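Single-letter residue listing:
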Amino acid sequence: MSDASMTTQHALQGQAAERRRRARHAADTRLRLYGIGAITLAIGLLGILIFTIILGGHTAFTQTHVRVQFPLTAESYNAEEPARSNWRGVIDDAMAEIFPDAVEGGNLRTRTQILTNNTQFFVRDAVLAGDYEVGDTVTLEVPASDPYDQLNKGVIKRDTPEENRRLDNDEVAAFDSLVENGQVSRPFNWGLFFNADSRFPEIAGLSGAIVGSFYALMVCFLISFPVGIMAATYLEEFAPKNRLTDLIEVNINNLAAVPSIVFGLLGLAVFLQIFGLPRSAPLVGGMVLSLMTLPTIIIATRAALKAVPPSIREAALGVGASKHQVITHHVLPLALPGILTGTIIGLAQALGETAPLLLIGMNAFITSPPGGIFDASTALPTQIYIWADSPERGFVARTSAGILVLLGFLITMNAIAIFLRQRLERRW
Amino acid sequence: MAGYLILTIIAFSLIAFWIGRSAGNKFVADAQGTTVHSLPGYHGAFVAVWVGLPALVLLLLWLVFQDNVIDSLLLSSLPQSEIAGLTPAQLNLVMTEIKTVASGTIFGEPAPHIMQGAETLTRWRGIAGWAMVATSVCLMLLMLFFTRSRLSARFRARNQFEAVISGLMIFCSVAAILTTIGIIVSLLYESYAFFQLVPPHEFFFGLNWEPQIAIREDQVAGAGAFGAVPVFYGTLVIATLAMAVATPIGLFTAIYLAEYASERFRNIVKPILEILAGVPTVVYGFFAVLTVAPAIREAGTLMGLATSPNSALAAGGVMGIMIIPFISSLSDDAIRAVPRSMSDGSLAMGATRAETITRVLLPAALPGIMGGILLALSRAIGETMIVVMAAGLIATMTINPLDSVTTVTVQIVTLLIGDTAFDSPKTLAAFALGLVLFFVTLCLNVVALRIVQKYREQYE
């Protein structure tokens, strides 16, 4: 009512005011839309990142296998000393049986290349493990080599012109005849988890990297957990407020923000050069990572200690406990869930850290899992880096699959941390 | 050997604890519990800690110095006729050969002095190992008798034990300082060696960076030039690109989350954004190489622009994605720290939310936001994996984001992967670059933390 009368009274002003008001509200809506747009963009980019990795990596979780019967003929198989047999000859015989028209010295060689380059070792291990005579046949499921694996998974497309394809029509036809005979299968790729690294994508796996990362994280935990708790307890509960403790505090905050590669330089110059510790060893990797995790653990522990109410300390002191007893018997156990949460988050960060490990040589090509913390090894992120640098087509999928495994570990660790926080942490 | 020794030390400490505790129990039984100062457990802990700790320290020192001592002894035991006139690098080679022979891998027919050296080395290592065990066990027994003899009913075992623990705690706190000192000293030391070989003014002002020089004499390589300006420049280009991507997205996100979003929306979106910061950088690197760089190249070719396969835009853009959560969460904190009364006042005067944000909240929160941006910039400068995988190796001075540039961290990694000889300028240059990187990021961090802290105090 009053609105209407005001517009009639001040029609001109009212129109201008209305326009101004509209413009101002439009600006408000614009800012809100920018905000929504920014959030959508950020989350969308995260989605694209994860989507492309899953898209590229899911094929590597299966692996094409070919079932082949290997005949043990007298020429190739040495019954007296099986270890000295001509295993390549055995493979040639098997492939010649499957492809009767293949010529020795001609296209038989390309036929044997359907199987992975390491087939001879698979055959050798199977024969040596069993009790075989000349004339027997050994039936094995052997991984197909990378190009045929890609063909089977549809990454190499049959309708691309022959000159642009990695396999020519003849090779494709040979593989198709195997498929028709029902010799080709695509089971889950356990090799991805249980094989060590290899130059051949079809048999390369992450076991060396997983074991190496595990050892490095163990070393990191064993150093940074006790040291972190002790340092945080001292700073929070005992330290007098003076120059030294101020300096320590500033130091810890700054260490948390030092680029990770600088820790790698420190590890190279001090742990490898001065202490003479072995290169590429999970021990050194764990030590470098522990220096990086330490600030995270200290900051988390201090926050957890701060959250324990002073009444608990006073009550314990009141019944005659010493300061140390108050802390070890009462405060630390109450703060433990918070400390563990912080530690797990710190370790998860350490697990994903790559740059310092490159500098201490944990990016070597190593074909067996490390036997201990002194053996040369890779870690999960450095293995991903090595594979990302490899030219073979099959490694692209393996890299993505490796990233998915790494992300799986990270998600698990963070989920444990969140679980601990929600289930065990007490609100006072 | 060391592993068994650690187990021995643990076993000895347990025995020591048991001995100390039974002594304490005996005091309590004899004195009917009235005059004993500490609980029996503290007597045990006191003995155990003084038996275990010195042995552990001895073991660590031994392990650190054993190899160096044996190496120098071995070097002096080699026949003078064989090693006379060898350069340090050649001597190193001889030592390495002796060590590989000693570890059992023999290639061909080693020279007699090598075989002899290997034998001596194996023998000495055996002796050193047993000497280590013997010394540790002696030390532990000695400490056990000494500490046991100090125990008595009036002995303040608890105070003594707690003093040791306090000392340990102080040592652990100082570890943070030791790390910083270790970083600074090692960087300064190696950089000093570098500046002996390459004058500082050439490094800081030279415009030509070609560090791929020969480490061994038989390598084919460039003559070498160590002018780091193009490297610093490339770092700035990529960091600027990253900030150009991250700042607007992060800032608008923070504004929306702080002022417009409902509590529920906030609680869902914030953790999702934090995931961006939690993804390992090697994953971003792979994403940049596999997806972003080809996409940019294709788009560039469509528009008729010459695009490098490892363009600065790909590396910088992906780095920007990684940095979004740093900027958004720090700006969010800064905006929310502005007292409610200020924005309420502005809204009460009839200003719209947008006007309140741009005229009142943002100016008030600016120092906090600046602090966040500086922290993010320091992240961008120090970030390694994305640029190692997606940026170029050749140092060029170009402002074109579609061209390839190199960064400080890329150069550090490429210089130190492969041959590392600590007397070559190629290796040492990496430490000089590391020193610059450390000081630049340190200054950025200190300034940023100072700003954030000061600003927080202002409103508290």
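Remember, it's a predicted structure, so these values are computed and weren't measured experimentally. (Residues numbered from 1 in each chain as written. Chains lettered and ligands numbered in written order. Predicted model: local features only at pLDDT ≥ 70, side-chain atom pairs only at ≥ 80, totals over all residues.)

What follows concerns helix 2 (residues 40-77) of chain B. The end-to-end C-alpha distance of helix 2 of chain B, which contains 38 residues, comes to 54 Å, matching closely the 56 Å that a straight helix rising 1.5 Å per residue would cover. At Phe65(B), helix 2 of chain B is bent by approximately 40°, the largest bend along its length. (Helix = DSSP H or I, 4+ residues; strand = E, 2+ residues; numbered from the N terminus. Expected span 1.5 Å × (residues − 1). Bend = angle between axes of the 7 residues up to and from the residue.)

Residues and elements named next belong to chain A. Taking 1.5 Å of rise per residue, the 13 residues of helix 10 (residues 243-255) would be expected to cover 18 Å, and the 18 Å separating its terminal C-alpha atoms lies within 8% of that figure. Along helix 10, the positions that sit buried rather than exposed are Ile248, Asn251, Ile252 and Leu255. Taken down its axis, helix 10 places every buried residue within 95° of arc, on the same side. Turned more than 90 degrees from where helix 10 packs its buried face, Arg243 and Asp246 sit exposed. (Buried ≥ 20, exposed ≤ 12 C-beta atoms within 10 Å, placed from the backbone. Arc of directions from axis to C-beta.)

Residues and elements named next belong to chain A. A positive phi angle, near 65°, is found at Ser280, a position not held by glycine. Structurally, Ser280 is set in the loop between helix 11 (260-274) and helix 12 (282-307). Judged by local crowding, Ser280 falls into the buried class, with 22 C-beta atoms found within 10 Å.

On to the domain arrangement of chain A. Along its sequence, chain A is organised into domain 1 (2-59), domain 2 (62-188) and domain 3 (207-424). Spacing between the C-alpha centres of domain 1 of chain A and domain 2 of chain A amounts to 62 Å. (Domains from an automatic or database assignment.)

As far as domains go, chain B holds domain 1 (2-179) and domain 2 (225-459). Put simply, the middle of domain 1 of chain B and the middle of domain 2 of chain B, counted by C-alpha atoms, are 47 Å apart.

A separate point is the sheet that holds strand 3 (residues 184-185) of chain A. Strands pair in a sheet through their backbones, by hydrogen bonds, and they do so in one of two ways: parallel or antiparallel. All names here are of chain A. On the basis of which strands lie adjacent, the open sheet formed by three strands has the order 2-1-3 and antiparallel pairing. Each having just a single partner strand, strand 2 (137-143) and strand 3 make up the two edges of the open sheet. Relative to strand 3, strand 1 (residues 65-71) runs antiparallel, the two sharing two bridges. In the strand pairing of strand 3, His65 is matched with Ser185. Contacts from helix 5 (residues 119-129) reach strand 1 and strand 2, with the element oriented near 140° to strand 2. (Pairing = 2+ DSSP bridges. Contact = placed C-beta atoms within 7 Å. Axes fitted to C-alpha atoms, helices over the stretch in contact; angles between N-to-C directions.)

Moving on, we come to the nonpolar core. Of all hydrophobic cores here, the largest spans 190 residues; its most connected members are Ala231(A), Ile238(B), Ala288(B), Ala315(B), Val318(B), Ile386(B) and Ala390(B). The element best represented in this core is helix 8 (residues 229-260) of chain B, accounting for 18 residues. Residues in contact with Ala231(A), not counting those within four places in the same chain, are Ile298(A), Met169(B), Cys172(B), Ser173(B), Ala175(B) and Ala176(B). Of all hydrophobic cores here, the second largest spans 23 residues; its members include Tyr77(A), Ala94(A), Val142(A) and Tyr148(A). (Core = buried A, V, L, I, M, F, W, Y, C linked by C-beta atoms within 7 Å.)

Here we come to the interface of chain A and chain B. Listed per partner, the contact involves 64 residues of chain A and 71 residues of chain B. Broken down by element, the residue count for the side of chain A that touches chain B peaks at 19 residues, all from helix 2 (residues 11-57) of chain A.

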